[in-house]
Every structure is written in C-alpha cells, then in structure tokens.
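Tertiary structure, described
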Amino acid sequence: MVLLRLLALSLFHVCLVGCQPNSSQQASSPPGEQSPLGTDKLSFPWSRLRLPRYIIPLHYRLLLHPNLTSLSFTGSVQIQIDVQNNTNWVVLHSKGLQIFNATILNQNLAHLSDQVLPVLHNPQHEQIGIFSPRVLSSGQKYFLYIEFGAELVEGFYGFYKSTYKTSTGETRILASTHFEPTSARMAFPCFDEPIFKANFSLRIRRSQEYISLSNMPIVKTVEVNNDLLEDRFAASVKMSTYLVAFVVCDFKSVTATTSSGVQVSIYAAPEKWSQTHYALEVAVKMLDFYEEYFNIRYPLPKQDLIAIPDFQSGAMENWGLTTYRETSLLFDPLTSSVSDKLWVTMVIGHELAHQWFGNLVTMEWWNDIWLNEGFARYMEYISVEATYPDLKVEEYLLHTCFAAVGHDSLNSSRPISSPAENPTQIKEMFDTVSYDKGACVLHMLRHFLTDDVFQSGIVRYLRKYSFKNARNQDLWDSLANTCSEEDFISGKHCYSSGQATKNAYLFAGEHLDLTAMMNTWTLQKGIPLVTVTRKGPRLLLRQDRFLRTVLPSDPLWPMLQKGFLWHIPLTYKTDASSTIHRHLMTTHTDSIHIGEEISWVKVNTDMTGYYVVHYGDDGWDEMTKLLRENHTALSYKDRTHLIHNAFQLVTAGHLPINKALDLIGYLQYETHTVPLIQGLGYLEAFYRMIEKRNEPELTHDLGMYILRFFRAVIDQQTWSDSGSVSERRLRSEVISLACHLDDPPCLERAHQSFKDWLQSNGTLNLPTDVAETVYSVGAQDDHGWTSLLHTYNVSLSAAQKYKILFALTCSRDTSKLERLLELGLEGTVIRSQDLSSLILMVARNPRGHHLAWSFVEKNWDTLVKKLELDSFCIRNILIGTTGQFSSPEELAEVRLFFESIKEQTSQLRATQIALDNVQKNVRWIQRNLETLRNWVNEQMK
C-alpha cells in the first residue's frame, strides 16, 4: 500500500525532516562538524505528541534537592542516550520546569560545544528540544546533562507537597511523587513514555530531621554541609519513568522480611505507626504468594509501602516504593470495619501484583493500560482468596463484574483497548473498562482455559517480556503458547503462529483461535445479551448487543446493533446433573441439544462469563418458580446473577419490573448474604431515586414494604462486630438501610449508642460495623453534628474520619450541607483529596441532591483548578452528582451546563456517560413508575 510505504520512509528519515530546522533553519552538518547556532532562527523541531524513537535513554543519574521551607526543588539529571539516526536535536518531555542550562557530552564526558545550548519549549506537547551545533551520530552514545528547578506542586501529580497535623496541632510538611501516567516530566526532564525503559540512579538531598525514600535502597549517605545530607540510592532495574518515585518525610516504619529475603517496610506519620502492622503482615504474605504463583522472583531487594496524607487515587505501584492513600494502607482495629480491612488487603494485593504486571512487563502504550490494571484488579481476587480465605473475597468479584456491566451497557462505553494519544485521553483510560471489565474478561478466560493453562500462560508471558514492553497480541500468543517463526525455528517450547489454530486448545470439539476470540472482547465496546429459548429438546440462542439506553423499539436500535458479534464461551447447568456444560457461541444465532426431560436450565454458571442472559417466552417464570420452590438447587452466585440480570433487563426494556420484583420474592427464604444484599440493593436503589422526586406516598409505602419484607433479617442483626466477614457486611448494609427508612427500633438503638459515645467524650469504641449508622443518626441534631465535626478534625484514624464525613453529609439541614461543601472547597478541615467523595455523599442525601449539583455548576472552574480536568475525581463528580436525576427537566439542565463547558470537556467521555445515565433514569421512570406503584400497593394490601 502506497500510504504505508510512504509512512515507513518518513519514519526512517525522520531526523532529516522532523528534527532538523524548518525552512528557516540550517540543514544538518556532517557528523563531527559544527554548525552556527543561529538561536533566533530555531523553531521547535518535532510536531508529534509522541517522542521520536531514534533517541533511546539508557541510564538517568538524577540529583534532587527539595526545600520543604521554600516549597521548591532544584535538580540535575544526566541521561545516557543511544542515538540511532544522525540528528542535531534531542527532544524529550518537561512540564512546568525551569530549565537553567543544558549540555551534551560525548562518551568520554567531553562537551560537544563550548556554547550554551539552546532549549526550545513546546508547552502544548509538554516537550523541550535541545539543539546541538555538532551532529549527534547514529550508533553513538552521549550524555545529556540538564539543570532545572520548580515549585513543589500544590496538587496530586508530579513532585508535590503534602501535609499532616500532629495531635498537638502542629502542621508537618513532606514531599512525595505521583507520576502515572504522564507526570514524571513535572519532576525532571525525561523520555516520559512507557516504551523508554531505563535504569535510574538517584541522589536526594535533605535536612537531618527528614528521611528520603526511593525505588531502591540507600547505599550511602554523605554530609554535604552542616545541616544537609545526601542519600545515594542503588541503581534501579530497567523501568519506565512513570514508576520512578521518591518521598522526603519524617515518617516512622515497621519492617519484616519475606521468605525469599525481600525487606518489606510500611511507613506512616509517626502517630499513625500503630496502624501499620496489618499492612506489613499482608504485604509479606502477598509477596511470598506472587513469587510462587508467577514463579518469578521479585527483582528488587526491598518493597516499601507508604501512606501519604494527600493522595488523589487509591494507591500507586511505583517499583519498590508503593504509595497509598491512608485509608488504603492503615488499619486501626478500634475504628476500621471489616470492609476497611478487606479494602486494605485488596489494594495491597493490587499494587503488589503490579510489581510483575505493569512493572516487570509494561504495556507498549497507554491504549493497552488494561494489561496493567485489568490484571492487577483480577489478581486482587486470586491473591486474597489464597492468602486470606476468611475474607471471602470471591463474593466481591460478582460486584466488580456488575459494575463493569453497568458502564458497558451504555452507548458511551469504549473498547478495552482504545486509542489514547494526549495526556487527557490517557488519564481517561484509567476507568471501569480497564479495571473492572478487564478483570471480568480475564476471569472468563481463566475459566475457559482452566486455572492451570491460564497460570502457565501468564508465567510464559511474564518471562518472555521481563523488563520489556508488550501488547494485547503478546498475551494471547503466550496463553495459546504461540510464538514467532524465529522462536519456533530456534526450538522454543511454543507453536508457530501458523499452527496456532491447529495446536491451541480443543473446546467443544473445535479448534480455538484465541486471538480471534479475545479480539471480540477487547477491540469492540459493549457486552453481549444472550437470549435463551426452549424449543423441544433444543435450546435456541441469540446474541445481541446489550444496551440500557436504547429500547429495541427505538429507531436507533438497528444501527447500534450493527457489526457487533462476540465469541462467547457459554456455560450452563440443568436439573439433570451437577455437570457444567460448555459451548462456544461464535454466530448471531445458535442452538444446543439438551433433551426433552430437562425441567430447567441456568445459563452462565456462577457468572464466569461476561454476558447478560435473557430467558425468552416463560423462561423467567420458570426461574422464579425454581427460586421459590428450591433455591438451593442453584449456587449463591447463580442466584445473585439471576437477580442482577433480571433488573438489568428491566432497565433495558426486555422485562416488566413486576416480573423482576416477583423473582426476588424468594429472598424471605434466602440465608446467603450475597443474593440478599443484591436484592436489597435494587429495592434501596429504587427507594433512593423515588425519595428524590415529589412522590411522598410511594416513598413512604416502598420504605414500609422494604422494612416489612426484610423484618426477619433486620431483627436478626446484633449491634456488634461478631460473626463471619459475610455476616458482618450484611449487618452494616441492613442496619444502615433500616435507620435510613426511619425504622423505630433501629433509630432508638442508634440514638442510645450515639448518646453513650458522646458521654464518653469519644473514648467509647463503637462496633465498627455499625459506627457509620450510629454517627449518621447522631448527626441529625445540632449538638451531635458539631461534636462529630470536632472529632473529624482531631481523629488520627482515616477510616473513622471517612465514616464521620459520611454521617455529617446525612444531615437534613441544608445549611450544614452547604457548610461542608465550603469546607471541602477551602481544603483545610476537609482535604482536597476528599472533595469529590464529599460532593457525592451530599448528592446521595435527598436534601443535598440538587444542592451538590448547583455547587458543581457554581464552582466548576475552582474544582477543575483544584482537581484537574482530566482526573478521575472530576469524572466521578460529573457522573455521580447527576446519577440520580430522573426527570426530563433535570436532563435538560445537565445538557445545558455541559453545553456551556463543552470547550473544556470536549475530550472527556464523562459528560456523555453522565447524559446516558440521566437519559436511562428518565426512561426507567417513564416505563416503570406506575407499574412499581401498583405492585407496591398490591403488596401493602
């Protein structure tokens, strides 16, 4: 093809065109000769967002000196580069840095020029270009030396300032980093793309009252002058820039060693040191587990985990120095609930999985970030199930997949592997699709291939691409055991790609092309709906794209269905045996012989597959009958899956709401917590949407119905922390909802507990499972609310602070809600890192519903400045504050606001997701409100 060939030629000669002076510039001089500088005539030599590929960084020697008094830092970096085309220019990344000077040296460290080298800036692309009057010769190595400085950032990216308060009220300062995806360039000039892996040798200067941490251990500390020390760190392994990290702080640590000799330390603010012990136990267990599971040694001598007081995301996997939000690392037995414990365990499992998936093997570009995040999310479940089986983490995987379905069934979803070029698009890739859908697709694949085949395939993948970069295709080849012809000829244990379809796994009597199958899950957006209909001895199957925003009767429907087809690994069980049957569906319609004597069939066993199932004709009546008469014939996962699918089909217009409500009628016999919570969750969701509309009668009746229906479950709950993890989770959910529905016994017990807590001056430790509910009830009067705000201000437990903040936002007094929002915007009492959570908590309150949205409209520019437009916080605010709007008027208001900010948000998918959600709610109300009203009236007779 002509276009491709031209592109290849232009890439080959890029240094003669893209990197040389434009028409006003000098042409390249022969290697070794010096050309005149003509600085005033130089224009930026590179026009693309991605850096040229012909200069490869090999080793960074980085010196940093942060000043925690002036809140600034200076530094220098010497980068050894390998030049692969003749050029006069070195183009790399820099953002917000002041470049003091730049020089280029040859391999003998001799300067190539005795003149100051011009440094050109392209702020739009966050790049600098350094011009060398002497041509850098292809095949030679050079040293690029740059001195720079900047202020410590006020936000959450780059090299930024964080603070914490001691119990005496003193404010202490620390400096920390967060670079993923594109912020290493804010701390030092670098080739800030994942493909440019290099070694890093760091030196950090600090005063004596602080310590410094980085990816590697300190090998030496030298005194620079009286009060200034320099920590010199060992050279790192080869890694991408986004994984570099350093912290200067006065924290304390607790340390242990893994069975293979890796030193593990947990760091936290001195007064929170006692909350680090659980994390240490988890981290040691997890590292031991991963070394065994991946059969690859952790390649660094140490792994530090540190709780940063100001941290926007949950955690970050920097190699050897993982950074965490305090709620994601610290565990206080007195104030942290069992859910907090599970969260800490899963986050540590996630970040330590990244030490292999992401750090050892890194995606080639951000379009495949799911190779990092989907795997790490899935490994949370595998690792926690193996190391802490009592936490019952497998019960949560269903909810991860339900979250993915919720997002993926909107037309505004995207494929797992999507184009992303600029920093905004790249940051948007860190979403439900990469994490949750990625994990659920891997879960489906693992069950399809079997555990052993899946595990050996990913070990093969990790071994082959260690310290390198990989793409989607490389994973499929490793799982199917295929390789390049070159590998095959050299005798590697793999199949040639030409033999892949012949030699890969036999499945349902057919050969499998794993790439073709997995491309249907990663290269197209959405989720399939499989409609199942019984016809004599056969099961008729049809697949469509599952959409909750457009009905089959809508004129848009055919266009939105066009071109979508998945290779679906179906599983099903019948009443005839406990066998799990398998069938690979690769066409729009299909059929399976199951026999005449079968009375029921349940498709998608234990929801191991990522697809929604609709039972045609009277199939849902059969499922309702089965659950009523013999619900234990199905596993708890299958029962939960049926409840989820039924209500999703209601939203999508495939099933009347009364059918789904009849289905969950069996829950009065249910004893497993997961289906109970699922069914209760849908009723609560309807209640919370309707209480925000002007529907007082229906709100009251639905609340009364929920209390009556779940009376036995509510009455069984004890106000304690006893029982299994599952029982404790149910307790938190049920008691919280009962009090929200003004259940008199619940309110009475909560009031008494809160009164006791107040009288003890906060020294009484409430049962952690019910503390949030007790605080929420106590926050309804002025004294209770003020006392809670005071406790929030002085508490050293991040877990307790989160529960109290939620309780404060439950107030029915709108002036208090307004005060909280103002405190969040101001950022001292309520940290900026918690602002987006605060806004969403207020939006959840019927009294704060429109208040939160108005606050976002009014303070939009300030929010963007504080949190950054492309952050997941802004995304959550846009989607979360509008998530319960359900009227055409609210939809019009949201549209109008989004129209007013469209210049800013044109690249954000979040606005379209928010609109899709509101539209879905409007249609849900139009279709289901009257049916729901009639159904509730019938139940209340």
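Residues numbered from 1 in each chain as written. Predicted model: local features only at pLDDT ≥ 70, side-chain atom pairs only at ≥ 80, totals over all residues. Heavy atoms only, no water.

Quick notes on the overall build of the chain
Where we set the bar: Helix and strand definitions here come from DSSP, where helices need a minimum of 4 consecutive H or I residues and strands a minimum of 2 consecutive E residues; each element is numbered from the N-terminal end. Note on classification: 1.4 Å probe, protein chains only; a residue is buried when its accessible area is under 20% of the maximum for its type, exposed when over 50%, partly exposed between these limits. In short, Shrake-Rupley with a 1.4 Å probe defines the accessible areas, and a residue's cover is counted only from the protein chains shown.
When its secondary structure is counted, the chain shows 34 helices and 32 strands. Buried residues in the chain amount to 61% of all 941 residues. Surface accessibility of the chain: about 36300 Å² in total, with carbon and sulfur atoms responsible for 51%.

A word on the sheet that holds strand 29 (residues 581-585)
The line we're drawing: In this description, strands pair whenever DSSP reports at least two bridges between them. To get an axis, a line is fitted to the C-alpha atoms, and for a helix only the part in contact is used. The angle between two axes follows their N-to-C directions and goes from 0 to 180 degrees.
A sheet is described by the order of its strands in space; here three strands give the open sequence 29-28-31, paired in antiparallel fashion. Of all the strands in the sheet, just strand 29 and strand 31 (601-603) have a single pairing partner and so form its edges. On average, adjacent strands in this sheet sit at an angle of 30 degrees to one another, irrespective of strand direction. As paired strands, strand 28 (residues 568-574) and strand 31 are joined by three bridges and run antiparallel to one another. Bridge pairing in strand 31 places Lys573 opposite Lys602.

As for the nonpolar core
To be explicit about the condition: Within this scheme, the nonpolar core is defined by two criteria: the residues are buried Ala, Val, Leu, Ile, Met, Phe, Trp, Tyr or Cys, and they are joined through side-chain atoms within 4.5 Å. We call two residues contacting when some pair of their heavy atoms lies within 4.5 Å.
Counting 308 residues, the largest nonpolar core has Phe188, Phe191, Phe246, Phe294, Ile348, Val603 and Phe710 as its most contacted members. The element that contributes the greatest number of residues to this core is helix 3 (residues 277-294), accounting for twelve residues. Setting aside chain neighbours within four positions, we find Phe191 in contact with Leu51, Ile55, Pro57, Tyr60, Ile79, Ile81, Val90, Val91, Leu92, His93, Phe196 and Thr241.

Quick word on unusual backbone geometry
Of note, the amide linkage connecting Glu180 to Pro181 takes the cis form, showing an omega dihedral of 0 degrees. Along the chain, the position of Pro181 falls in the loop between strand 9 (171-178) and strand 10 (199-207). The phi dihedral of Asp606 is positive, around 55 degrees, even though this residue is not glycine. Mapped onto the elements, Asp606 comes out in the loop between strand 31 and strand 32 (612-615).

So, helix 17 (residues 636-651)
Residues spaced three or four apart along an α-helix face the same direction, because each turn holds 3.6 residues. Operational definition: For a helix, the expected span equals 1.5 Å multiplied by the residue count minus one.
An ideal rise of 1.5 Å per residue puts 22 Å on 16 residues; helix 17 measures up with 23 Å between its terminal C-alpha atoms. A large share of helix 17 lies buried, amounting to 15 of its 16 residues. Residue Gly653 follows helix 17 closely and has a positive phi angle near 85 degrees.

Describing the domain arrangement of the chain
Test applied: The domain limits used here are those given by an automatic or database domain assignment.
Per the domain assignment, the segments of the chain are domain 1 (49-250), domain 2 (526-665) and domain 3 (828-928). Here the C-alpha centre of domain 2 lies 55 Å away from the C-alpha centre of domain 1.

Observations concerning the state of the cysteines
Definition in use: For this text, the term disulfide refers to a pair of cysteine sulfurs within 2.5 Å.
Taken as a whole and judged by the stated rule, the model has two disulfides. Put simply, Cys401 and Cys440 are joined by a disulfide, and their sulfur atoms are 2.1 Å apart. Of note, the bridge from Cys401 to Cys440 carries an S-S torsion of about -110 degrees and is left-handed in sense. Of this pair, Cys401 sits in helix 7 (residues 394-408) while Cys440 sits in helix 9 (residues 432-449), placing them 39 residues apart in sequence. Considered together, Cys401 and Cys440 belong to a single accessibility category, that of buried residues.

A look at the sheet that holds strand 3 (residues 87-93)
Whether parallel or antiparallel, the strands of a sheet pair through hydrogen bonds between backbone atoms. Read from one edge of the open sheet, three strands run 3-6-5, paired in antiparallel fashion. Since the sheet does not close on itself, it has two edges, and those belong to strand 3 and strand 5 (119-122), each with one partner. In this sheet, adjacent strand axes meet at a mean angle of 25 degrees when their direction is disregarded. Sheet topology note: the strand 5/strand 6 (residues 127-136) ladder contains four bridges and is antiparallel. Within strand 6, the residue paired with His121 across the bridge is Ile128.

Concerning the packing of helix 25 (residues 782-794) against helix 27 (residues 814-826)
Heads up, the condition is: Orientation categories follow fixed angle ranges, with anything under 35 degrees roughly parallel, anything over 145 roughly antiparallel, 65 to 115 roughly perpendicular, and all other angles oblique. The handedness criterion is simple: a crossing whose near helix is rotated anticlockwise from the far helix by less than a right angle is left-handed, and one whose near helix is rotated clockwise is right-handed. Just so you know the grouping, Ala, Val, Leu, Ile, Met, Phe, Trp, Tyr, Cys and Pro go in nonpolar, Asp, Glu, Lys and Arg go in charged, and all remaining residues, Gly too, go in polar.
Two numbers describe how helix 25 lies on helix 27: the axes approach to 13 Å, and their chain directions differ by 10 degrees. In terms of orientation, helix 25 lies roughly parallel with respect to helix 27. Seen from above, helix 25 lies across helix 27 with right-handed handedness. Contacts between helix 25 and helix 27 involve Asp782, Trp785 and Leu789 from the former and Lys816, Arg819, Leu820 and Leu823 from the latter. Tallied by class, residues from the contact of helix 25 with helix 27 come to four nonpolar, no polar and three charged.

Here's the deal with the environment of Ala150
Mapped onto the elements, Ala150 comes out in strand 7 (residues 141-151). Setting aside residues no more than four positions away along its own chain, Ala150 makes contact with Ser72, Phe73, Gly96 and Leu97.

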